[in-house]
Amino acid sequence: MSKVIMNHGAGGEIMQEFLSRHIVSHFQKSKSDVPLDSMDDSAVVDDIVFTIDGHTVNPLIFPGGDIGRISVSGTVNDISVMGATPIALACSVILEEGLDIEVVDKIMGSMGATSRECGVPIVTGDTKVMETGAIDKMIISTSAIGRRSEFLDGNFLTASEYRKVKDRWCTDANLAPGDVIIASGYLGDHGVALLSFREGYGFESEIHSDVAPLNGMIAKGLKSGGIVSMKDPTRGGLANTLNEWCSKSHVEIEVEQASIPLRDGVVSACDLLGIDPLSIGNEGKAIIGCVPEMAGEVLAAVRSTPEGRDASIIGIVREGRERVILKTEVGGKRVLEPPSGDPVPRIC
Ligand code: MG
């Protein structure tokens, strides 16, 4: 009999296939702007944006953040990248019997602080305890609702001055040839910081997790106008995000390796560990697709925020096969394959 494996939750192609065959296929199809089977960052039901995340981070506290900060940021970001303003959060906390209450206070304190930082209150929740050994210390699930951003209609109005825009939300299916791809900052920091800290590799003195709520940065971007798609490159990293966009928007994306913001420490850590920095999860970054005519304005708006100060244009969308082409620094080209799963488990 086949069993669940770690890659079924690792954010790559294996998970996508598992979800469609064994999870989503059992649920009733709904009609809405963004239904379940579009497998986007959030769903849209009656113009309310709705999402949920489960968090199983090991260890609970790591350089640059903790499971509490991730649980608020990740959910706020999934709402925001649809073009919505998150308005309230719910959380379910499952604790292992025997866990130090000091740890509970520390993590809940961090959830509260992150919620205040992004201005999204936690308004309801549930707490359960399981026997020692039944779970690993703590699991947090967070859900959120959001409403259409006050800037979204104006944002699409600007975009549609230049081309017809298909969806009325910033979905994965909304890209068209000519669009420009922006990364909001350095990639790979979260995965490398967590892996290094957990395994004792020592890179964490230099590399900290990027975990942060991005609703403020995204609102600024939308206000400038011309954004058509956004996604937070969590599990599976940039490689997964871009490949999902290609298959859902039926386009080819070409990215310039030299333009992708990567810290030297992340590159050398990944070289040493034999993992690809473009396939590792991030928790405080957005990948943004916008019409070319507005790319300069969007980039400037994103860069004017603390979370987006290292943003960079990394590629363009073209007509072609549904694949990602990476232009290497020495001038060659290769296909950036969708990862089968994130190489670093339990980072979110
Ligand atoms: Mg997401």
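Right above here is the structure, for reference.
One structure accompanies this document, and this report is about it. Keep in mind the model is a prediction, meaning the values are calculated, not measured.

**Topic: the sheet that holds strand β9 (residues 227–231)**
Right, on to step 1. Taken in spatial order, the 7 strands of this open sheet run β9-β11-β8-β12-β10-β13-β14, and their pairing is mixed. Because the sheet does not close on itself, it has two edges, and the strands there are β9 and β14 (333–335). Each strand axis lies, on average, 25 degrees off the axis of its neighbour in the sheet, ignoring direction.
Right, on to step 2. Pairing of β9 with strand β11 (residues 287–290), which is carried by 4 bridges, proceeds in the antiparallel orientation. Bridge pairing in β11 links M230 to I288.

**Looking at the pairing of strand β13 (residues 324–327)**
Where a strand is regular, its side chains alternate between the two sheet faces.
Right, on to step 1. For strand β10 (residues 252–256) and β13, the ladder comprises 4 bridges, and the chain directions are parallel. Each residue of the ladder has a partner; that of E256, found in β13, is K327.
Right, on to step 2. Pairing of β13 with β14 involves 3 bridges; the strand directions are antiparallel. In the sheet register, K327 faces β14, and the bridge partner there is K333.
Right, on to step 3. A loop of 5 residues connects β13 with β14, the two strands running antiparallel in sequence, and G331 in this loop sits at a positive phi of about 100 degrees.

**Notes on the side chain of E254**
Right, on to step 1. Here E254 is to be found in strand β10.
Right, on to step 2. Residue E254 is classed as buried on the basis of its relative accessible area of 10%.
Right, on to step 3. Engagement of the side chain of E254 in a polar contact is seen with the side chain of K333, the distance being 3.3 Å.
Right, on to step 4. Look past the residues within four positions of E254 in its chain and what remains in contact with it is I314, G315, I316, R318, I325, K327 and K333.

**Regarding the side chain of D179**
Right, on to step 1. Examined against the element boundaries, D179 turns out to sit in the loop between α4 (152–162) and β8 (180–183).
Right, on to step 2. Here D179 falls in the buried class, since its relative accessible area comes to 1%.
Right, on to step 3. Polar contacts involving the side chain of D179 include one to the side chain of R163, which spans 2.7 Å.
Right, on to step 4. Setting aside its immediate chain neighbours within four residues, D179 contacts R163, N174, V228, C290, V291, P292, G315, I316 and V317.

**Here we look at a nonpolar patch on the surface**
Right, on to step 1. A cluster of nonpolar side chains, contributed by V45, I48, F50 and I145, occupies part of the molecular surface with about 330 Å² of accessible area.
Right, on to step 2. Note that F50 resides in strand β2 (residues 48–55).
Right, on to step 3. Residue classification places F50 among the partly exposed residues on the basis of a relative accessible area of 46%.

**Thoughts on the coordination of the magnesium ion**
Right, on to step 1. Around the magnesium ion, the protein supplies D41 (OD), D78 (OD) and D232 (OD) as donor atoms, at distances of 2.1 to 2.2 Å.
Right, on to step 2. Sequence positions of the donors to the magnesium ion reduce to the motif D-x36-D-x153-D. With D41 in the loop between α1 (13–23) and β1 (43–45) and D232 in the loop between β9 and α7 (237–249), this residue pair connects regions lying 191 residues apart in the sequence.
Right, on to step 3. Among the residues examined, D41 registers a relative accessible area of 10% and is labelled buried.

**A look at the sheet that holds strand β6 (residues 122–130)**
Right, on to step 1. Taking strand neighbours across the sheet as the criterion, the 5 strands line up as β1-β2-β7-β5-β6 in an open arrangement whose pairing is mixed. Each edge of the open sheet is held by one strand with a lone partner, namely β1 and β6. The average angle at which neighbouring strand axes cross in this sheet is 20 degrees, direction not considered.
Right, on to step 2. With 8 bridges joining them, strand β5 (residues 84–96) and β6 adopt parallel strand pairing. Bridge assignment links V93 to a residue of β6, and that residue is T127.

**Side note on the nonpolar core**
Right, on to step 1. Counting residues in hydrophobic clusters, the biggest one holds 87 residues, and the most contacted among them are M138, I181, L242 and I253.
Right, on to step 2. Those residues in contact with L242 that lie beyond four places of it in its chain are I181, I253, V255, I287 and V324.

**Examining the environment of S42**
Right, on to step 1. Assignment of secondary structure puts S42 in the loop between α1 and β1.
Right, on to step 2. With a relative accessible area of 5%, S42 lands in the buried category.
Right, on to step 3. The spacing of S42 and G119 is 77 residues in sequence and 19 Å in space, taken between C-alpha atoms.
Right, on to step 4. Excluding anything up to four places from it in sequence, S42 contacts V34, V49, F50, T51, D78, I79 and M82.
Right, on to step 5. At 2.8 Å, the side chain of S42 and the backbone oxygen of D78 are in polar contact.

**Describing the pattern of salt bridges**
Right, on to step 1. One pass over the structure, following the stated rule, counts 24 salt bridges.
Right, on to step 2. E252 is paired through a salt bridge with R318; the nearest N and O atoms lie 2.7 Å apart. Here the residue E252 occupies a position in strand β10, and R318 occupies one in strand β12 (residues 312–318), the gap between them amounting to 66 residues.
Right, on to step 3. In this structure, a network of salt bridges that share partners links the residues D41, D172, K231, E244 and K248.

**Here's the deal with helix α5 (residues 189–199)**
Right, on to step 1. Among the 11 residues of α5, 8 are classified as buried, and the element is accordingly described as predominantly covered.
Right, on to step 2. Those residues of α5 that fall on the buried side of the exposure criterion are D189, H190, G191, V192, A193, L194, L195 and S196.
Right, on to step 3. At its buried positions, α5 is contacted by β3 (61–62), α2 (67–80) and α8 (264–273).
Right, on to step 4. Looking one or two residues beyond α5, the residue adopting positive phi is G200, at roughly 75 degrees.

Calculation rules
- Residues numbered from 1 in each chain as written.
- Predicted model: local features only at pLDDT ≥ 70, side-chain atom pairs only at ≥ 80, totals over all residues.
- Heavy atoms only, no water.
- Pairing = 2+ DSSP bridges.
- Helix = DSSP H or I, 4+ residues; strand = E, 2+ residues; numbered from the N terminus.
- Axes fitted to C-alpha atoms, helices over the stretch in contact; angles between N-to-C directions.
- Buried < 20%, exposed > 50% of the residue type's maximum accessible area, 1.4 Å probe, protein only.
- Polar contact = N/O pair within 3.5 Å; in protein donor to acceptor, adjacent residues only side chain to side chain.
- Contact = heavy atoms within 4.5 Å.
- Patch = residues over 30% accessible without salt bridge, like charges linked within 9 Å, V, L, I, M, F, W, Y side chains within 5 Å.
- Areas by Shrake-Rupley, 256 points an atom, 1.4 Å probe, with all protein chains shown as cover.
- Salt bridge = Lys/Arg side-chain N within 4 Å of Asp/Glu carboxyl O.
- Donors = N, O, S within 2.8 Å, 3.2 Å for Na, K, Ca; no water.
- Core = buried A, V, L, I, M, F, W, Y, C linked by side-chain atoms within 4.5 Å.

Keep in mind these values describe shape, not function.
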